[in-house]
Amino acid sequence: MDRLANTVRPYAWGSTTAIPELLGVEPTGAPQAELWMGAHPGAPSRIDRGAGPVSLAEVIDADPEAELGADTVRAFGPRLPFLLKLLAAGSPLSLQVHPDLTQAQEGFADEERRGVPRDAPHRNYKDANHKPELICALTPFDGLCGFRHPAQAADLLEGLAVDDLKPYVDILRASPEESALREVLTAVLSAEHHAIVGTVERTAAAAERLAAQGGPYAADYAAYAAIAHHYPGDPGVLAAMLLHYVRLQPGEALFLGAGIPHAYLNGLGVELMANSDNVLRCGLTPKHVDVPELLRIVRFEAADPGVLRPEASPDGEEVYETPIDEFRLSRFVLAPGAAPRPLEARTPQILLCTAGTARLSTPTETLTLTPGQSAFAPPGDPVTLTGDATVFRATVAG
């Protein structure tokens, strides 16, 4: 069992205060967007087993079966198959989708074959893995997730009373679901910049006005107006209006599978994902947007966002069920004096404290975790959990 020393990623969209407040440290004034826990090569955690700090990725590389277990290595290869994060959005992230495993393998192989540098700004596939992810709110958390039904999207756009939007409304009302969503998203993202900027500006002004008036879409209009404030004139603002606006309450979660367009807007959450960095962007970003490849990856299906709430097991572990093998997220809400919670040790696990004080014990050692602190436990000695705390647990599913 190892205490993790983790890296903060200072992306521009990050909150300047949320992660420092959780850690109980003074803000630096710079954005602190994500705290990474795991062995991703971009920012691996560090551990110290007596010879000084060393990358968790290097430790795993030296003896994968000891650190991950034979079953995990057999299923996913000699690397930790998940990445755990604290994510603190102070402004909207890019509107994006992730490929499925086959698409990622094919896309990565194609770019390797064509000699596209892995750090090139126009590169789509940084690795050959898919990137399903789960976000669980620690504070009220705003996001966009999945397509609205075309009729609902048409109602929302029509309510803005912006003449430029009428062609989109007509398509959404007249065409079958998949073709309607595809045609409108394609038109928005392929429009000439000088033509779309004015439409976005007029749409944003109307959304801000209607948000103040109330009504069934007031919260949605307010969210889209806020997005436009951060990304004025960006066609992604119109693309966002095709998606569900969702506000998660603490403890609620969203699962984002392959091809589902989504964006995180504001709030602090625990994010767990497959160990990948593959992102195709739809907008709300100055970064590269590969429209043809994006349209190949997006699943043009209307669906409810499917807000997840944890399901309690008899031992008190609250599990967020997802259809993914690489990871499993659960939560323990511990009370003082409660019986120790044994944690099964068949797979590697990362334990993250988000409130209170937690104690992790094995037959040979005890670690104390306070908010924002985390530990890695390889398979082997059982770990027991006690304290007055909230602890999230990331493991391999199965």
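Colleague: Honestly, the packing of helix 9 (residues 193-213) against helix 10 (residues 218-230) in this entry has me stumped. Any pointers?
Modeller: Two numbers describe how helix 9 lies on helix 10: the axes approach to 8 Å, and their chain directions differ by 140°. Our classification of the angle between helix 9 and helix 10 gives oblique. Helix 10 is crossed by helix 9, and the crossing has left-handed handedness. Two secondary-structure elements touch here, helix 9 through Ala-204, Ala-207, Glu-208, Leu-210 and Ala-211 and helix 10 through Ala-218, Tyr-221, Ala-222, Ala-225 and Ala-228. Considering only residue class, the contact of helix 9 with helix 10 consists of nine nonpolar, no polar and one charged.

Colleague: For this particular structure, what's the right way to read the packing of helix 6 (residues 150-158) against helix 7 (residues 166-174)?
Modeller: Two numbers describe a pair of packed helices, the interaxial angle and the distance between the axes. Two elements in contact, helix 6 and helix 7, have axes separated by 8 Å at closest approach and are oriented at 155°. The angle between helix 6 and helix 7 places the two elements in the roughly antiparallel class. Helix-helix and strand crossings are classified by hand; for helix 6 and helix 7 the assignment is left-handed. Judged by residue contacts, Pro-150, Ala-151, Ala-153, Ala-154, Asp-155, Leu-157 and Glu-158 of helix 6 engage Tyr-168, Val-169, Leu-172 and Arg-173 from helix 7. Among the residues making up the contact of helix 6 with helix 7, the classes are represented as eight nonpolar, no polar and three charged.

Colleague: Any chance you could explain helix 10 here in plain terms?
Modeller: Under the 1.5 Å per step criterion, the end-to-end length of helix 10 is 19 Å for 13 residues, consistent within 8% with the ideal 18 Å. Three or more residues of helix 10 are buried, namely Ala-218, Asp-220, Tyr-221, Ala-223, Tyr-224, Ala-225, Ile-227 and Ala-228. Close packing links the buried residues of helix 10 with strand 9 (141-147), helix 6, helix 9, helix 11 (236-240), strand 10 (243-248) and strand 12 (262-274).

Colleague: I'm lost on the environment of Arg-3 in this one. Help?
Modeller: With respect to the element layout, Arg-3 can be found in strand 1 (residues 2-3). Residue Arg-3 is classed as partly exposed on the basis of its relative accessible area, which comes to 36%. As a C-alpha pair, Arg-3 and Asn-275 span 272 residues in sequence and 20 Å in three-dimensional space. Among residues more than four places away in sequence, those in contact with Arg-3 are Arg-46, Ile-47, Leu-367, Thr-368, Leu-369, Gln-373, Ser-374 and Ala-375. In terms of polar contacts, Arg-3 uses its side chain to reach the side chain of Gln-373, at 3.2 Å.

Colleague: How should the pattern of salt bridges be read in this particular structure?
Modeller: Where charged atoms from two side chains of opposite charge come close, those side chains can pair. For the coordinates displayed, the defined rule picks out 23 salt bridges. In this structure, the salt-bridge partner of Asp-164 is Arg-202, at a minimum N-O distance of 2.5 Å. Placement of Asp-164 in the loop between helix 6 and helix 7 and of Arg-202 in helix 9 is noted, with a sequence separation of 38 residues between them. Ionic pairing is found between Arg-346 and Glu-344, a salt bridge with its closest N-O pair at 2.5 Å. Arg-346 gets classed as partly exposed once you look at its relative accessible area, which sits at 45%.

Rules behind the numbers
Residues numbered from 1 in each chain as written. Predicted model: local features only at pLDDT ≥ 70, side-chain atom pairs only at ≥ 80, totals over all residues. Heavy atoms only, no water. Axes fitted to C-alpha atoms, helices over the stretch in contact; angles between N-to-C directions. Helix = DSSP H or I, 4+ residues; strand = E, 2+ residues; numbered from the N terminus. Parallel < 35°, antiparallel > 145°, perpendicular 65-115°, else oblique. Left-handed = near helix turned anticlockwise from the far one by under 90°. Contact = heavy atoms within 4.5 Å. Nonpolar A, V, L, I, M, F, W, Y, C, P; charged D, E, K, R; others polar. Expected span 1.5 Å × (residues − 1). Buried < 20%, exposed > 50% of the residue type's maximum accessible area, 1.4 Å probe, protein only. Polar contact = N/O pair within 3.5 Å; in protein donor to acceptor, adjacent residues only side chain to side chain. Salt bridge = Lys/Arg side-chain N within 4 Å of Asp/Glu carboxyl O.

Scope: geometric values only; no functional claims are made or implied.
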